[in-house]
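Here's the letter readout for the chains.
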There are 2 protein chains.
Amino acid sequence: MSVKGLTKEKIITQAIEIIENTGQSAVSLHELARTLGVKTPSLYNHIKNTKELQYEIFKCAIDKFVINQRKATEGKTKDEAVQAFAEAYHAFATQNKGLYRLIMSIPSEQDEMAKEMAIPLLHTVVEILSDYGLTEESIAHWQRVFRAILHGFISEEDLGYFYYYKYIDLAKSRQIAVKCFLDGLHAEIGE
Amino acid sequence: MSVKGLTKEKIITQAIEIIENTGQSAVSLHELARTLGVKTPSLYNHIKNTKELQYEIFKCAIDKFVINQRKATEGKTKDEAVQAFAEAYHAFATQNKGLYRLIMSIPSEQDEMAKEMAIPLLHTVVEILSDYGLTEESIAHWQRVFRAILHGFISEEDLGYFYYYKYIDLAKSRQIAVKCFLDGLHAEIGE
DNA sequence: TTGACAAACTAACACTATTAGTTTTATACT
DNA sequence: AGTATAAAACTAATAGTGTTAGTTTGTCAA
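A quick note: this is a predicted structure, and the numbers were derived from the prediction, not measured.

Draft legend 1. Seen up close, the overall build of chain A. Secondary structure summary: chain A contains nine helices and zero strands in total. When its helices and strands are written in sequence order, chain A yields α-α-α-α-α-α-α-α-α. Oriented by its inertia axes, the alpha-carbon framework of chain A measures out at about 70 × 40 × 35 Å. For chain A, the residues scored as buried account for 51% of the 191 residues in total. Long-range contacts, defined as pairs at least 24 residues apart, comprise 68% of the intrachain contacts of chain A with a sequence gap of at least 6. For chain A, the exposed surface amounts to about 9200 Å²; the carbon and sulfur share of it is 52%.

So, in structure tokens, the structure goes:
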């Protein structure tokens, strides 16, 4: 009966689709198997366990994210690039909620594997900061500041912690944050 | 045999202790019951479900957090208060990892209840920004920026995303971020 | 045609939370 | 003191996770 021809790729693709649709950072193997027309344990013929599946999806998510960011900033430099990066970052996180959540839930301090995989993401930030002629150390610091702002915003927004003043424009808050960051950066390089 | 005398308070206290010890944002009812010397279903005589338990712990966590922040900033104003707030925030998050994670995982956009409970936390930030004589709208924006930075830092750090340049001092990155924020704030009020 | 391997399956286990129904224990009243 | 009642413990069971072992099925190559 097996017209199935299940593969690792099909599983990953399906998992990503479900994650995208639900906005959750994970799928249950049951749901995954069900939508693939197969019984749950059959998945184990193609994947080792949920951890491995997570890794695979994580890899795809990082890829998508990196592509998204590069596309948004290509041809741009300095402030223009930073601004475009910030906007694209927010757009990705809100339009790919499940994948973004996955990216921001997987790695943990002990997981060297995941940290390795996340490096390209980090590079996208470092790259656009390279235009400013900062020292290696300064780049390290400001890259952290930038990413903290970007993720902090998404995260707080997502958690509903920006709800209280909800009639106050969120996009403007983000712009203020990015401007604040750029001003700080300009001050660092002595404008 | 019941020398137990289990109460809701004891359950919550125990749950918090486990959360503090493990650094996880949740406890299983099994583990909770085990350490209380009772069978799992017995917990249901005192709590409705895990959701309710989460709420209760959440409430305590917010309380602890708010107390921590007030203590750190009392008697201080403006930049001094902001700086102390930032330091205390980071200290709380790293020393109470489980509780901080809980605070930053519970509320979701749809959960009005949780958002209500989190308001005191928000107030601590708004209060220290009130010293600057900003408009209501500016406070709303800058409070968001500040919290995004603070949480963004903790979160990225916790996820291991600040690992790449790990030989570069994290505390200094945080100081740069806070200074960046303060400079932005000063620019806003025309210094 | 048959032998081998991949990929599906069934059955089972361990771990979650949760509910129903039962027994125990302590308290409160006659 | 003896008994009724209610609170709080229990046991047993269910449904949902992930996972493993062992079995069947189907395909492809010798």
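After presenting the structure, the write-up continues.
Draft legend 2. Inspection of the pattern of salt bridges at higher detail. Enumeration over the complete set of coordinates arrives at 28 salt bridges over all chains. The salt bridge partner of Lys64(B) is Glu20(B), with a shortest N-O separation of 3.4 Å. Of this pair, Lys64(B) sits in helix 3 (residues 50-73) while Glu20(B) sits in helix 1 (residues 8-22); the two residues are 44 residues apart in sequence, bridging distant segments of the chain. The class for Glu20(B) is partly exposed, based on a relative accessible area of 25%. Between Glu112(B) and Lys115(B) there is a salt bridge whose closest N-O contact spans 3.6 Å. Of this pair, Glu112(B) and Lys115(B) both sit in helix 6 (residues 112-117), three residues apart, roughly one helical turn. Judged by relative accessible area, which is 42%, Glu112(B) ranks as partly exposed. Using a relative accessible area of 8% as the deciding quantity, one classes Lys115(B) as buried. Salt bridges sharing partners connect three or more residues here, namely Lys8(A), Glu52(A), Glu56(A) and Lys59(A).

Draft legend 3. Geometry of the environment of Gln69(B). All names here are of chain B. Note that glutamine 69 resides in helix 3. A C-alpha to C-alpha distance of 9.9 Å links glutamine 69 and alanine 81, two positions 12 residues apart in sequence. When sequence neighbours within four positions are dropped, the list of residues in contact with glutamine 69 reads Phe85, Ala88, Tyr89 and Thr124.

Draft legend 4. Geometry of helix 7 (residues 119-130) of chain A. Residues and elements named next belong to chain A. Across its 12 residues, helix 7 extends 16 Å between first and last C-alpha, which sits within 8% of the 16 Å expected from 1.5 Å per residue. Turning to helix 7, its buried residues number three or more, namely Ile119, Leu121, Leu122, Thr124, Val125, Val126, Ile128 and Leu129. For helix 7, the secondary structure elements touched by its buried residues are helix 3 (50-73), helix 4 (78-95), helix 5 (97-103), helix 6 (112-117), helix 8 (136-159) and helix 9 (170-188).

Draft legend 5. Seen up close, the nonpolar core. In terms of nonpolar packing, the biggest core is built from 136 residues, with Phe58(A), Ile103(A), Phe181(A), Phe58(B), Ile103(B) and Phe181(B) touching the most fellow members. When residues no more than four places from it in sequence are discounted, the contact partners of Ile103(A) are Phe58(A), Ala61(A), Ile62(A), Phe65(A), Phe92(A), Leu121(A) and Tyr161(B).

Draft legend 6. Expanded view of helix 1 of chain B. Residues and elements named next belong to chain B. Given a rise of 1.5 Å per residue, 15 residues ought to cover 21 Å, and the 21 Å separating the end C-alpha atoms of helix 1 matches this to within 8%. Those residues of helix 1 that fall on the buried side of the exposure criterion are Ile11, Ile12, Gln14, Ala15, Ile16, Ile18 and Ile19. Turning to helix 1, the residues buried within the fold contact helix 2 (29-35), helix 3 and helix 5 (97-103). One or two positions beyond helix 1, positive phi appears at glycine 23, with a value near 80°.

Draft legend 7. Quick look at the packing of helix 8 (residues 136-159) of chain B against helix 9 (residues 170-188) of chain B. Residue and element names in this part refer to chain B. It is the contact of helix 8 with helix 9, at a shortest axis distance of 11 Å, that shows an interaxial angle of 170°. Taken together, helix 8 and helix 9 sit at an angle that is classed as roughly antiparallel. Residues Ser138, Trp142, Val145, Phe146, Ile149, Phe153 and Glu157 of helix 8 touch helix 9, and the partners they reach there are Leu170, Ser173, Arg174, Ala177, Phe181, Gly184, Leu185 and Glu188. Considered class by class, the residues forming the contact of helix 8 with helix 9 number nine nonpolar, three polar and three charged.

The rules we used
- Residues numbered from 1 in each chain as written.
- Chains lettered and ligands numbered in written order.
- Predicted model: local features only at pLDDT ≥ 70, side-chain atom pairs only at ≥ 80, totals over all residues.
- Heavy atoms only, no water.
- Helix = DSSP H or I, 4+ residues; strand = E, 2+ residues; numbered from the N terminus.
- Buried < 20%, exposed > 50% of the residue type's maximum accessible area, 1.4 Å probe, protein only.
- Contact = heavy atoms within 4.5 Å.
- Areas by Shrake-Rupley, 256 points an atom, 1.4 Å probe, with all protein chains shown as cover.
- Salt bridge = Lys/Arg side-chain N within 4 Å of Asp/Glu carboxyl O.
- Expected span 1.5 Å × (residues − 1).
- Core = buried A, V, L, I, M, F, W, Y, C linked by side-chain atoms within 4.5 Å.
- Axes fitted to C-alpha atoms, helices over the stretch in contact; angles between N-to-C directions.
- Parallel < 35°, antiparallel > 145°, perpendicular 65-115°, else oblique.
- Nonpolar A, V, L, I, M, F, W, Y, C, P; charged D, E, K, R; others polar.

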